[in-house]
Amino acid sequence: MTTASRVFAAFLSLATTAGFATGVAGADDGRDEFNLPAAAVVPAQRQTPPLRSATIIGDSAIAGIRWNGALDGFRGFDADDRLQSCRRLVARSCNGREGIRPPTALNEVRSLPQAGPTDVLVIAVGYNDWHVGFGWQSRSVLDAAREKGYTNVAWVTYRELVGYTLPSDSSANRSNYASMNAELRAIVASGDYPELLLWDLDAYTRGVSGWFTSDGVHELRRGSWGVADWISRHMAALDGRPCAMPWTPTFGQDQICPNPDGLPGVRGYPDLSGLYGI
């Protein structure tokens, strides 16, 4: 017997007496490697990140979420809602509909505790501000957020095609919200504030009806639920977690929640009546 023959014979003997006993199926034992019990197949599990917390600082445009009873639309995250009428970014706030003059966004941020690593700051303030000076004012708010340790600052864009008149104590009658949005995009493009995220409410709501009053800024009840739902989807999209709610009751829940800003052009708007009973 040649050396090669001896090696092959030894291999067959080893495979017969030991190899198949360790789970390699033989030709006549009626099993194969594709018929293992289900318990032996361990699928890869996607770990869902823990829920985030978000502090939402807003003016009257978004305070409708509180006034219209839509706070329950904040789902899938822990919300600290600080929604006050007449709030401004840096300049002294005006006297709001609830008879108080709220802290500016800058001072509200400065009053916050130090942020945790996954905390989100949402800025939805600016409709009461004049666009002149918005550049340095927005950067002042961002600087304060950075000092508090926020690594995610979501700034809600302003609805541009609106007829909103500035409060009576303003130095101008109207503000240019398209200019303010352009400034926010310029800040993102500069790379100076990598923590800055733009949540594009202007794009998202451009084709909607029945969400806003005639000034185009303040929310009707349906709009309050719609905007709260939109914020919740953005919070889920940050981590690629499942959306807190499906798009419609029959649509099926997105297991990886997409950025909602461009979805109305593809899906229409969420079925708020079917989802929230409004």
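Residue positions within a chain follow its written sequence, with the count starting from 1. Since the coordinates come from a predicted model, pLDDT governs what is reported: local features require at least 70, and pairs of side-chain atoms require 80 or more to be given and counted, while whole-chain, interface and lining totals use all residues. Heavy atoms from the whole structure form the basis of all side-chain values; hydrogens and water molecules are not counted.

Helix and strand content of the protein: 9 helices and 5 strands. For helices the rule is a DSSP run of H or I covering at least 4 residues; for strands it is a run of E covering at least 2, with both sets numbered from the N terminus onward. Starting at the N terminus, the α and β elements of the protein follow one another as α-β-α-β-α-β-α-β-α-β-α-α-α-α. When a residue's accessible area, from a 1.4 Å probe over protein chains only, is under 20% of the maximum for its type it is buried; when over 50% it is exposed; and in between it is partly exposed. Buried residues in the protein amount to 44% of all 278 residues. Taking the intrachain contacts of the protein between residues at least 6 apart in sequence as the baseline, contacts between residues at least 24 apart amount to 68%. Roughly 13800 Å² of accessible area belongs to the protein as shown, and the carbon and sulfur atoms make up 55% of that amount. Note on definitions: a residue-residue contact is assigned when non-hydrogen atoms from the two residues lie within 4.5 Å. Computed with a 1.4 Å probe, the accessible areas rest on the Shrake-Rupley method; for each residue, only the protein chains presented here act as cover.

Right, let's get into the packing of aromatic side chains. Only rings of Phe, Tyr and Trp enter the pairing, Trp through its six-membered ring, and a pair is recorded when the two centres are within 6.5 Å. The plane angle decides the type: under 30 degrees is stacked, over 60 is edge-to-face, the rest tilted. Counted under the stated rule, the structure contains 12 aromatic pairs. Judged by centre distance (6.1 Å) and plane angle (85°), the ring pair of phenylalanine 134 and tryptophan 155 falls under edge-to-face. Of this pair, phenylalanine 134 sits in helix H4 (residues 134-147) while tryptophan 155 sits in strand E4 (residues 153-156), placing them 21 residues apart in sequence. Here phenylalanine 134 matches tryptophan 155 in class, with each residue buried.

This part takes up the packing of helix H2 (residues 60-67) against helix H7 (residues 221-239). Contact geometry of H2 with H7 gives a least axis separation of 8 Å together with a crossing angle of 100°. With respect to H7, the axis of H2 lies roughly perpendicular. Of the residues in H7, those in contact with Ile62, Gly64 and Ile65 of H2 are Ser224, Val227, Ala228 and Ile231. For this classification, the nonpolar set comprises Ala, Val, Leu, Ile, Met, Phe, Trp, Tyr, Cys and Pro, the charged set comprises Asp, Glu, Lys and Arg, and every other residue, Gly included, is treated as polar. Here the residues of the contact of H2 with H7 sort into 5 nonpolar, 2 polar and no charged. For helices, the fitted axis covers only the stretch in contact; all axes are lines through C-alpha atoms, and the angles between them, taken along N-to-C directions, range from 0 to 180 degrees. Oblique is the label for every angle not falling under 35 degrees (roughly parallel), over 145 degrees (roughly antiparallel), or within 65 to 115 degrees (roughly perpendicular).

A few words on the state of the cysteines. When two cysteine sulfur atoms lie within 2.5 Å, the pair is treated as a disulfide. Here the structure, examined in full by the defined rule, presents 2 disulfides. What pairs with cysteine 86 in a disulfide is cysteine 94, and their sulfur atoms sit 1.7 Å apart. Judged by the sign of its S-S torsion, about -105°, the cystine formed by cysteine 86 and cysteine 94 is left-handed. A residue is classified by how much of its surface remains accessible, and cysteine 86, at 10% relative accessible area, is buried. The partner cysteine of cysteine 243 in its disulfide is cysteine 257, sulfur to sulfur 1.9 Å. Between cysteine 243 and cysteine 257, the S-S torsion sits near 95°, and that sign places the bridge as right-handed. Note that cysteine 243 is positioned in the loop between H7 and helix H8 (264-267) and cysteine 257 in the loop between H7 and H8, a separation of 14 residues in sequence. By sequence-ordered numbering of the bonded cysteines, the protein has its disulfides arranged as 1-2, 3-4.

By the element assignment, threonine 157 lies in the loop between E4 and helix H5 (177-190). A relative accessible area of 2% places threonine 157 in the buried class. With near-sequence residues (within four places) excluded, threonine 157 lies in contact with Tyr127, Asn181, Trp199, Asp200, Leu201 and Asp202.

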